[in-house]
Amino acid sequence: MEIPSDFDNLMVGLMELPNLYKALFPVNENSNAHVAAELVIKASENFKKEEILAAHQSDMSKFTSWLDYVDSATAKKEKLRGSIKCSQGPGKGVLLRLRESVVEIPPRPPAPLGTLRPIKLSELHLDRQHYGRVLYGTFCVKAFKMTAVLTLLEEANTGKVVKLAIYNAVASTATLGEVQAQFPQGSRVAIKEPYFKRYKDQTVGLRVNNPGDVVFLESSASAGASGDDKHCDGTEFDDKTDLDYDQLRLEGNRAFNSGDLRAAVKFYTKSIDKALSCSKSWKLESSTSGLQGAVAKIQANEKKATSSATPGSKSDNLNGPKSTSNNADNQKRKSPSKKSSKKRSKQRRGGCDRDQSQTPMSTKADVKADLKAEAALLAAYSNRSEAWLRMNKYEEAVIDAENALQIDQAHVKSMFRRGKASHCLQQYSKAIQCLQSALQLSPHDADVEKALKEAITADLQSRLGVYNLSSYYLSNFSGSPPKCADYSGPVKVQMLESKYGAGSGQRGLVTTTSVRAGDLLLVSNPLAIARSEGVEFHLIPETRRMNDASQEDLVTQLYNFARVAPRALHQLQSLYNGSKNCSQPSMDLFVPGSIFNSPKSFKNSTNILGTAPAQPDITSIRNVVQWNAFDEQGFTTGGGSGRKGLRSFCSGIWVLPSFINHSCLPNASRVHVGDAMMIYASRDLEAGEEVCLPYFDILSPLPQRREKGLAGWGFTCKCPRCKLEETLQSEIQHMTDKYSQLEEEAIPAIHQETKGGFAKKGDGFLRNTSQFLGLASEVEALLSTRKFSHLTTQKKNWVRASYAISYIVGNSSMPAFPQNSDGAAKFRFLSAVLDSLAEVFPGNSQTLITAIMVMEEVRKQHTMKSKAFKVAEEKALGICRCIYGNQKVPVLRSLMNSMQEGILEA
Ligand SMILES: C[S@@+](CC[C@H](N)C(=O)[O-])C[C@H]1O[C@@H](n2cnc3c(N)ncnc32)[C@H](O)[C@@H]1O
């Protein structure tokens, strides 16, 4: 199916309305399509169920093939996930941070549901947001997604239906299945402060900008967990109270398998409640030893699990990132529950756990009932743990796995789930301990073995910073990138007001020990990442929106994640948000395995952090994204052919790297291995030195850099290079003017001429590139005048770097050695710019490319065995180490080869 070019711009509604409606509602032959359209518009205004439903179904089927396309594209993207790697080529490898790319939605504090007055469909006014009101209804169709999630809401008791568009609710990559799992047909919901509008297609309906305004009344975990028996509108839950605990658990499994995790949690919770109340002995026992002790612990845990699910969960309508499908009740792994239950029951009967004097004599039936309830409880806790895991509620997953293990300490599945949840919480040693125990009980379980191996690797990585990237690099980035766990190396976040101004609230990242160039400083995995394959991100100035949905996708992902993961919420709240009230966060917030990763201590962490974690709100998340998102562009591997293939672009939030400030003389580099961001020192650093990265293209003159720093992030860089250029401003202004002119005129012309590849470059190519060469010559001439004789070589290199692109582009206008009669001139130029780049920007791919070009020139002029070549190669290897860290020489050579291939391809 052909995808309309303006697809993304289509808001809600139908395309080619008249024709489509004509087909949909065949009116008499004399009437035209517009009449049909009118009918649908009228139907929408009168909330007529049948017609609105038919239009929705048609919309949906019309876009099914498009959605299929999206689904397969998503699958492709998933496959490509993590293939992002360090960028290359001029202007690439530069850290760009997104700044102005937010969709504006007026900030408004969330209104608690209980404070809102119900409103009816017939009372809605067009183009009005109904503050203080709430609309109740049921999703009466399957949802689908265009720019927004589209579904229909049927009003309770009236049968009236209205179209509903929910924005910012799902990731742009969400599949149809995920959308429908998140907004299941039949869900009873409350729409807070409904906004009623006329869509582009002239039909009317509701628009929800903040997905938190859609409150699920029935299928939310909180509904089950908090034990509420009524909806906010007073209607009863269909909570299947007539079912027993086994049936309730099976209902949970059914919901789990259909992807409705919230409903699954609700049913498991009800099953647990029933099983607990059914057990006679448990109700009677008060001792804390043996099984009674276990029960007491469970009940305490149970309280924690349910209360932790409660805050804000009435509006908990968003699932976390998607999960893989698996059957919660899959009994593949050995489940010793029955056996051990019997054993324990025997113990009880023998008087081991039960205080016979306090309790009436157990009848056989009591014991049997206890046994049955115990087995049911075990399964429900264990399955609820899996459901929490998939909802990214790792703390709750731990608690429930522990509940299950209190009943049966040899329950392999629960041990496995406890291990997985610990891994997700970055508690790797605990994960190893659980998984080892699981493996002892079930020695050949491949899933447990795999999880254990991963936990051991992650543990080593996070403690020692040891990552084996050799085979990935040697294979030219083919295959899946290795998983890299977070590592917080010799760095810490520190207040830097003495450097950036008293009261500025600025923090930065500083080294805790001295480090050498190429040492690993930290590894960070993103809290969220949005990507687009082959489409370059850029800001559309008129709308102040990105050209794709990536930015909003990022905000939505973060919002969803922060709602379920307290640590993520704390981390987001620690990031710079444009205010001066920033404080120094505890490093424990970022270090894997620290107390903040522990579910129990995390829940009490408010005192340690100073402020209680508020619920996330989308406006503050947008702010955080605005100031902290990293943008990465690179090449994805195409069928193992190295750097060929689609270019990919992504933006994301990597927490610890977000504390790194900008400098035009950066001393660190970043490389992406899969989603993980590795930060290496690109210079030798003293203990206590600030780690800096460039936020934008620093190979440009001072005024350009100033503009970018100010417009993008509101700061003026005061690094020594900027200060020097400030003092030289009058002497170098004419070069800056010429640079700007060339940037505006010659660069687009060169792009045009090289569109068909460098082999097909047009006539103007030489003319334009030689203009750059002219500017580079001017820079060289100026730097050798007496006016500049007081400058050290280092400082001359700082100035040269601001015009470095003239050298690099200009170089293309010089015929290569040996055709060039003055090969030495070309070499001198390249060497000069290489020294400058190595001085200013050692951890950069452009610097490495230049070093490789120099190496090539030396190879042509001498031989590979010559001393000159060895020197040139050593220099290039050193730069490669500044980018990719201390890899072995063959690995560095391989990286340089793949970069060279990239240059040749370009
Ligand atoms: C991503 S944050 C960096 C961390 C931030 N300093 C903090 O305290 O969290 C970006 C913000 O840091 C500040 N910043 C970064 N580099 C700077 C520099 N070279 N000079 C002054 N402020 C800088 C600016 O306010 C910028 O908007």
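Note that the structure is predicted; figures quoted are calculated from it, not measured. Within any chain, residue numbers begin from 1 and follow the written order of that chain's sequence. Owing to the predicted nature of the model, reporting of local features is limited to residues with pLDDT of at least 70; listing and counting of side-chain atom pairs is limited to 80 or more, with chain, interface and lining totals taken over all residues. Side-chain figures throughout are based on the complete set of non-hydrogen atoms in the structure, without hydrogens or water.

A. Representation of the overall build of the protein within the structure. Starting at the N terminus, helices and strands are each numbered in turn, a helix being any DSSP run of H or I of at least four residues and a strand any DSSP run of E of at least two. The number of helices and strands found in the protein is 32 helices and 24 strands. Here's how the labels work: a residue is buried when its accessible area is under 20% of the maximum for its type, exposed when over 50%, partly exposed in between, all with a 1.4 Å probe on protein chains only. For the protein, buried positions account for 56% of its 906 residues. The contacts in the protein between residues at least 6 apart in sequence include a share of 71% that link residues at least 24 apart. Accessible surface, the protein: about 38,300 Å² in total, of which carbon and sulfur atoms supply 52%. Contacts: residue pairs with any heavy atoms within 4.5 Å of one another. The Shrake-Rupley method, run with a 1.4 Å probe sphere, supplies the accessible areas, and residue values consider only the shown protein chains as cover.

B. How the structure looks around helix H19 (residues 566-574). By the criterion of burial, H19 is predominantly enclosed, with 7 of the 9 residues buried. Every buried residue of H19 is listed here: Arg-567, Ala-568, Leu-569, His-570, Gln-571, Leu-572 and Ser-574.

C. Molecular detail of the site of the ligand. Surrounding the ligand, one finds 16 residues, the nearest of these being Gln-506, Arg-507, Asn-661, His-662 and Trp-713. Distance and chemistry together define a polar contact, namely a pair of N or O atoms within 3.5 Å, with one atom able to donate a hydrogen and the other to accept it when in protein, and with adjacent residues in sequence counting only for side-chain atoms on both sides. One of the side-chain nitrogen or oxygen atoms of Tyr-576 is found 3.3 Å away from an oxygen atom of the ligand. One nitrogen or oxygen atom from the main chain of Trp-713 is found 3.0 Å from an oxygen atom belonging to the ligand. Contact with the protein chains covers 95% of the free accessible surface of the ligand, which is 560 Å². In this text, near means that some heavy atom of the residue lies within 4 Å of the molecule or strand in question.

D. Spotlight on the side chain of Ser-682. Locating Ser-682 in the fold gives a position in the loop between strand S23 (676-681) and strand S24 (690-693). Here Ala-668 takes part through its backbone nitrogen, which lies 3.0 Å from a polar atom of the side chain of Ser-682. Every residue in contact with Ser-682, bar those within four places of it in the chain, is listed here: Ala-517, Pro-666, Asn-667, Ala-668, Ser-669, Pro-842, Gly-843 and Cys-882.

E. Examining the sheet that holds strand S13 (residues 491-495) more closely. Strand pairing follows a simple DSSP-based rule, namely that at least 2 bridges must link the two strands. Pairing within the open sheet is mixed, and its 4 strands lie in the order S13-S14-S24-S21. Of all the strands in the sheet, just S13 and strand S21 (661-662) have a single pairing partner and so form its edges. Pairing geometry for S21 and S24, over 2 bridges, is parallel. Bridged to Asn-661 within S24 is Cys-692.

F. Representation of the side chain of Ser-574. Here Ser-574 shows up in helix H19. The class of Ser-574 is buried, set by a relative accessible area of 10%. Here the side chain of Ser-574 touches Gln-571 through a polar contact of 2.6 Å, landing on its backbone oxygen. With sequence-adjacent residues up to four places away left out, Ser-574 is seen in contact with Arg-507, Pro-585, Leu-589, Phe-590 and Phe-659.

G. A look at the pairing of S23. Of all the 6 residues making up S23, 6 are buried; the element is thus mostly covered by neighbouring parts of the structure. Both faces of S23 are covered, namely the face carrying Ala-676, Met-678 and Tyr-680 and the face carrying Met-677, Ile-679 and Ala-681. Pairing analysis gives 4 bridges linking strand S15 (residues 520-524) to S23, with the strands arranged antiparallel. Paired with Leu-520 across the bridge in S23 is Tyr-680. Bridge count between strand S22 (residues 668-673) and S23: 6 bridges; the pairing is antiparallel. If you follow Val-671 over to S23, its bridge partner there is Met-678.

H. Quick look at a nonpolar patch on the surface. Two joining distances apply to patches: 9 Å for like charges and 5 Å for nonpolar side chains (Val, Leu, Ile, Met, Phe, Trp, Tyr), and every residue must have over 30% relative accessible area and no salt bridge. Think of a salt bridge as a Lys or Arg side-chain nitrogen and an Asp or Glu carboxyl oxygen that are within 4 Å of each other. On the surface, Ile-456, Leu-460, Leu-464 and Val-466 cluster together to form a nonpolar patch covering roughly 330 Å² of accessible area. Relative to the elements of secondary structure, Ile-456 occurs in helix H15 (residues 446-464).

I. Main features of unusual backbone geometry. Residues other than glycine seldom take positive phi values, yet Phe-47 does so here, at roughly 55°. Positive phi, normally seen in glycine, also occurs at Asn-476, with a value near 60°. Using a relative accessible area of 15% as the deciding quantity, one classes Asn-476 as buried.

J. Quick look at the pattern of salt bridges. The tally for this structure, following the rule as stated, stands at 26 salt bridges. Ionic pairing is found between Glu-45 and Lys-42, a salt bridge with its closest N-O pair at 3.6 Å. Taken together, the positions of Glu-45 and Lys-42, both in helix H2 (residues 33-45) and 3 residues apart, correspond to about one turn of that helix. For Glu-780, the salt bridge identified is with Arg-800, shortest N-O distance 2.6 Å. Of this pair, Glu-780 sits in helix H26 (residues 764-783) while Arg-800 sits in helix H27 (residues 793-802); the two residues are 20 residues apart in sequence, bridging distant segments of the chain. Under the relative-accessibility criterion, Arg-800 is labelled buried at 11%.

K. Inspection of the packing of helix H11 (residues 364-390) against helix H13 (residues 412-424) at higher detail. Close contact between H11 and H13 brings their axes to 10 Å; oriented N to C, the two are set at 25°. Viewed along their axes, H11 and H13 adopt a mutual orientation that is roughly parallel. Considering only the axes of H11 and H13, their crossing is left-handed. Facing Ser-382, Asn-383, Ser-385, Glu-386 and Leu-389 of H11, the residues of H13 in contact are Lys-413, Ser-414, Arg-417, Lys-420 and Ala-421. Note on geometry: axes are lines fitted to C-alpha atoms, helical ones only across the stretch in contact, with angles between N-to-C directions running from 0 to 180 degrees. In these notes the angle categories are as follows: under 35 degrees is roughly parallel, over 145 is roughly antiparallel, 65 to 115 is roughly perpendicular, and the rest is oblique. It is the rotation of the near helix from the far one that decides the hand of a crossing: anticlockwise by less than a right angle makes it left-handed, clockwise makes it right-handed.

L. Spotlight on the UniProt feature "repeat: TPR" (unreviewed entry) in the protein. UniProt positions are given in the numbering used here, feature names are shortened, and annotations may be inferred rather than shown by experiment. Cross-referencing UniProt, the feature "repeat: TPR" (unreviewed entry) maps to residues 412-445 in the present numbering. Secondary structure content for residues 412-445 is 79% helix and 0% strand, while the C-alpha to C-alpha distance between its ends is 10 Å.

M. Region of the structure containing helix H7 (residues 261-278). By this rule, a helix spans an expected 1.5 Å times one less than how many residues it contains. Over its 18 residues, H7 runs 25 Å from end to end, which matches the ideal 26 Å to within 8%, given 1.5 Å per residue. With 14 of 18 residues buried, H7 is to be regarded as a mostly interior element.

N. Inspection of the packing of H11 against helix H12 (residues 394-407) at higher detail. With their axes 8 Å apart at the nearest point, H11 and H12 run at an angle of 160° to one another. By the angle class used here, H11 and H12 are roughly antiparallel. Seen along the crossing, H11 lies across H12 with a hand that is left-handed. For the pair formed by H11 and H12, the contact residues are Glu-374, Leu-377, Leu-378, Tyr-381, Ser-382, Arg-384, Ser-385, Trp-388 and Leu-389 on the first element and Tyr-394, Glu-396, Ala-397, Asp-400, Ala-401, Asn-403, Ala-404 and Ile-407 on the second.

O. View of the sheet that holds S15. Taken in spatial order, the 4 strands line up as S12-S15-S23-S22 in an open sheet, and their pairing is antiparallel. Taken across any chain shown, the strands that pair with only one partner, and hence form the sheet edges, are strand S12 (487-488) and S22.

P. Main features of the packing of aromatic side chains. In summary, the pairing rule links any two rings of Phe, Tyr or Trp, Trp by its six-membered ring, whose centres are within 6.5 Å, and it sorts them by plane angle into stacked for under 30 degrees, edge-to-face for over 60 and tilted for everything else. Scanning the model with the defined rule gives 14 aromatic pairs in all. Ring geometry for Tyr-576 and Trp-627: centres 5.5 Å apart, planes at 75°, overall edge-to-face. Note that Tyr-576 is positioned in the loop between H19 and helix H20 (599-603) and Trp-627 in helix H22 (residues 618-628), a separation of 51 residues in sequence. Neither residue differs from the other here; Tyr-576 and Trp-627 are each classed as buried. Taken together, a centroid distance of 5.5 Å and an interplanar angle of 45° make the contact between Tyr-807 and Phe-829 tilted.

Q. Looking closely at the pairing of strand S7 (residues 161-166). With 6 of its 6 residues buried, S7 lies for the most part within the structure. Here strand S6 (residues 149-155) pairs with S7 via 6 bridges, running antiparallel. Note on S7: the bridge partner recorded for Thr-151 is Leu-164. From the end of S6 to the start of S7, which pair antiparallel, there are 5 residues, and Asn-157 there has a positive phi angle of about 70°. The sheet contact formed by S7 and strand S10 (residues 204-208) spans 4 bridges and is parallel. Each bridged residue has a counterpart across the sheet, and for Leu-164 the counterpart in S10 is Leu-206.

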